[in-house]
Amino acid sequence: MSMDYMPQPRRSVAFIGSECYPFVKTGGLGDVMYALPRALTRLNCDVKVILPRYKCIPWKYQEKMVYRGEFYMDLSQDGRSYYVGIMEYVWDGVVYDFIDNEEFFGFGNPYTNLVDDIPKYCFFSKAALAALNYMDWHPDIIHCHDWQAGLVPVFQRTMFGGTPVAAAKTMLTIHNLRFQGIYNIPTIQFWSGLPDYVFNYQGLRQGYEDANMFKGGLAFADSITTVSGTYAQEIQTPFYGEGLDDHLRYHSGKLYGIVNGIDTDMWNPWTDSRLAVNYDITNVLERKKANKRALQESLGLAQDDHMFVIGLISRLTDQKGLDLVNEVLPQLIDGHTQVVVLGTGDDRYENSFRYYEDRFKGSVCSCIMYDEGRAHQIYAGADALLVPSLFEPCGLTQLIAMRYGTIPIVRETGGLKDTVEPYNANTNGGNGFTFDRYESGLLLDAINRAKTFYFTNRWCWDEMVQRDMDKDVSWENSARQYRDLYMQLKP
Ligand code: ADP
Ligand code: GLC
C-alpha cells in the first residue's frame, strides 16, 4: 500500500487569528485563515477557527451564528471581569467560533490604532484560550497567526498552566513581521495581567521600556513558521528582520518556512461568477480577450485587444514597492499599454495614483477602493500583474494571477522569489518576469522585457500563460507540510 493511501491519525487544531475570509479580510491573512483550515480538514484534521466577532462582519453571517455559551474572565490588573460570549458557525467541515465582546469588538474595522488594538488583542488571545477550556475542546495543536494572536503561547505557558489547554503544542505563524504589537511595558502588563518574569529580554521586553507581543509569542511558541522559505531566511537578517532578526536567529531551530497556496475553488476562472466570460487552459487565449474588453469597458479605458494591460492589486503601503511604480509609471504609457490599479492605503499612494489616472486618461485607471469583484475581473482581464514589493512574506496576488493566466512581474524577495520562476529564453521555461535589487530602473527593465516579449513573441507568451494556469498553486502540498509539523510536535 502506498503511503498516500495510509490513513493518517486525526489531529485537532485550533486556529487563532484576527481575520478570516469571508467574514472579515484586509489582506492575505484573511485568505490563509479561510483556505488552510479547509485544506487541513481534507487531511483528516479537525479544525476550529477562533476569531473576534467584529461588528463589521456582514449580517448574513452574523444571523447564522449560534450561541454557544458565555462566561466572565479576568484580564487587566484592576481586577475587572470581562464578558466572553461564544457564537458558532459551522461551514463546510470547519467550525468557526467567534469571541463576542461589545467593548472590544463593537466598532468599525478590525484594526484601528495601537491604543485600542493592544487591549483588544490581549483580550482576544486570553479569551480564545479560555473559550477552548470552556467548550471542553482540547486541541492537539494551537496554531496562532501574527502579532494579534502573539500572546496566546505566552498565556498558555503561564496563566493557563495546569488547565486542559496547556497540554496542546503551540505554533505561531509570521505572516508579516512589520506589525508586532509594541507598547510600553506598564500598558501591556496592565492589559494582559501577565507575570513580571515574562517581561525580560528573552520574552516580551524590547529595548529599555517596551514590550513586544509578537516577540513574546515567538519565544514561548513550540514552533514558529512563516509563509515562504525565502522569508524564513530573510527575517534572520537585519534588513528584513524588523528589529527581531537576532531573536529569530536565536530561535531558528524551531523556525520553518512553508509557502502559502490559494483556494483553487474560490479562485477558479472556469467557475468564477464575477467574470465576463469563464475560461480554462484550453480556451484562455481567446476568452481572456473578452475579459480584457469587459474590464476596459467597465473602467473607461480605451477598448482595444492589442493593448498590454498591467494590473496592480495591493494594499497601498510602503511594503508593496509603490514608490518604484510611481517613478516608472509615466514611462510605461506609450500608446500600447494600460495600467489598472486597485487598492487602498496610504494617502500619498492613493493620491499619486489618482493623479496618474487624471494625467493619462484612458490609459491609467486607479480604483482607490477595496472591491473583491473588481479584483477578480482584473486578475482575469489583465495580461500581467505587478508585484514589485520591498518585502513580501509570501504574496498571494502573484499566485492568483498565475491561476488566471496573467503573467506576474515581481521582485525576487520572499514568497515572490519562491513562487515565480523567471522566464528563461534558452529553455523557454519560467512563469514570469523578475528583478532583484530594489531599484526603479530594474523594475522598468523587467516590465519592458515582459512587454517586448508580449508584442514580439506572442507564441511563447501564450505558452507561458498556459504554463502558469497549469502550475500547482493549491494548498495541497503546503497543508501536508503543516500537518507533518503538527505530527512532529504531537506524535
Ligand atoms: P497582503 O496580505 O500583504 O496584503 P497578499 O498578496 O498576501 O498581500 O494578499 C492580498 C489579498 O488581498 C489578495 O487576495 C488580494 O486579491 C486582496 N486585495 C488586496 N487589495 C485589494 C483590493 N483593493 N480589493 C480587493 N482585494 C484586494
Ligand atoms: C501577509 C503578507 C503576505 C502574505 C500574507 C498571507 O499579509 O504581507 O505576503 O501572503 O500575509 O500569509
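The shown structure was predicted, so the numbers you read here are calculated from the model rather than taken from an experiment.

Draft legend 1. Structural view of the pairing of strand β2 (residues 45-52). Within β2, seven of the eight residues are buried, leaving the element largely enclosed by the surrounding structure. As defined by bridge partners, strand β1 (residues 11-16) adjoins β2 across six bridges and the pair is classed as parallel. Its bridge partner lying in β2, arginine 11 is registered against cysteine 45. Regarding the hand of the β-α-β motif, the stretch spanning β1, helix α1 (residues 28-41) and β2 is right-handed. When β2 meets strand β5 (residues 94-100), the two strands line up parallel, connected through five bridges. Along β5, the bridge assignment pairs isoleucine 50 with aspartate 97.

Draft legend 2. Local environment of the sheet that holds strand β3 (residues 66-74). Reading across the sheet, the nine strands line up as β3-β4-β5-β2-β1-β6-β7-β11-β12 and stay open at both edges, with mixed pairing between neighbours. Across the chains shown, the open sheet's two edge strands, defined by having one partner strand only, are β3 and β12 (255-257). Strand-to-strand twist of the sheet, defined as the mean angle between neighbouring strand axes without regard to direction, takes the value 25°. Pairing analysis gives four bridges linking strand β7 (residues 169-174) to strand β11 (residues 223-226), with the strands arranged parallel. Bridge assignment links threonine 173 to a residue of β11, and that residue is threonine 225.

Draft legend 3. Just the packing of aromatic side chains, in detail. In this structure the tally under the stated criterion is 41 aromatic pairs. Pairing phenylalanine 23 with tyrosine 96 gives two aromatic rings, centres 5.0 Å apart and planes at 65°, and the pair type is edge-to-face. In this pair, phenylalanine 23 is assigned in the loop between β1 and α1 and tyrosine 96 in strand β5, connecting sequence segments 73 residues apart. The exposure classification of phenylalanine 23 matches that of tyrosine 96, with both residues buried. Here the aromatic rings of tyrosine 379 and tyrosine 404 are separated by 6.2 Å at their centres, their planes lie at 45°, and the arrangement is tilted.

Draft legend 4. Looking closely at the domain arrangement of the chain. Partitioning the chain into structural domains gives domain 1 (3-261 + 476-489) and domain 2 (284-470). Between domain 1 and domain 2, the C-alpha centre-to-centre distance is 33 Å. Contacts between domain 1 and domain 2 engage 20 residues on the former and 18 residues on the latter. Across the domain 1 to domain 2 interface the summed buried area is about 1500 Å²; carbon plus sulfur atoms make up 58%. The largest per-residue losses of area from domain 1 upon contact with domain 2 belong to Arg178, Thr230 and Tyr240, which jointly make up 26% of the total buried on that side. On inspection of domain 1 and its partner domain 2, the count reaches one salt bridge. Glutamate 372 is paired through a salt bridge with lysine 25; the nearest N and O atoms lie 3.6 Å apart.

Draft legend 5. Focus on the site of ligand 1. Contacts to ligand 1 come from 21 residues, most closely from Gly28, Arg315, Lys320, Tyr379 and Leu396. Within the side chain of arginine 315, an N or O atom sits 2.7 Å from an oxygen atom of ligand 1. Threonine 397 is positioned such that a nitrogen or oxygen atom in its backbone is 3.4 Å from an oxygen atom of ligand 1. Burial of ligand 1 by the protein amounts to 93% of the accessible area it has alone, namely 560 Å².

Draft legend 6. Structural view of the environment of arginine 354. On the secondary structure map, arginine 354 appears in helix α12 (residues 347-359). A sequence separation of 253 residues divides arginine 354 from asparagine 101, and the C-alpha atoms of the two residues are 39 Å apart. The contact partners of arginine 354, leaving out residues within four places of it in the chain, are Ser366 and Ile368.

Draft legend 7. Expanded view of the pattern of salt bridges. Counted according to the given criterion, the structure contains 25 salt bridges. Note that lysine 48 and aspartate 97 form a salt bridge whose closest N and O atoms lie 3.3 Å from each other. Taken together, the residues lysine 48 in strand β2 and aspartate 97 in strand β5 connect sequence positions 49 residues apart. The buried category is assigned to lysine 48, whose relative accessible area is 6%. A salt bridge links glutamate 476 to arginine 480, with the nearest nitrogen and oxygen atoms 3.2 Å apart. Of this pair, glutamate 476 and arginine 480 both sit in helix α18 (residues 476-489), four residues apart, roughly one helical turn. Within this structure, Lys48, Arg68, Glu88 and Asp97 form a network of salt bridges that share partners.

Basis of the calculations
- Residues numbered from 1 in each chain as written.
- Chains lettered and ligands numbered in written order.
- Predicted model: local features only at pLDDT ≥ 70, side-chain atom pairs only at ≥ 80, totals over all residues.
- Heavy atoms only, no water.
- Buried < 20%, exposed > 50% of the residue type's maximum accessible area, 1.4 Å probe, protein only.
- Helix = DSSP H or I, 4+ residues; strand = E, 2+ residues; numbered from the N terminus.
- Pairing = 2+ DSSP bridges.
- Right-handed = clockwise from strand over helix to strand, strands pointing away.
- Axes fitted to C-alpha atoms, helices over the stretch in contact; angles between N-to-C directions.
- Phe/Tyr/Trp six-rings, centres within 6.5 Å; stacked < 30°, edge-to-face > 60°.
- Domains from an automatic or database assignment.
- Contact = heavy atoms within 4.5 Å.
- Buried area = accessible area lost by both parts, 1.4 Å probe.
- Salt bridge = Lys/Arg side-chain N within 4 Å of Asp/Glu carboxyl O.
- Near = heavy atom within 4 Å.
- Polar contact = N/O pair within 3.5 Å; in protein donor to acceptor, adjacent residues only side chain to side chain.
- Areas by Shrake-Rupley, 256 points an atom, 1.4 Å probe, with all protein chains shown as cover.

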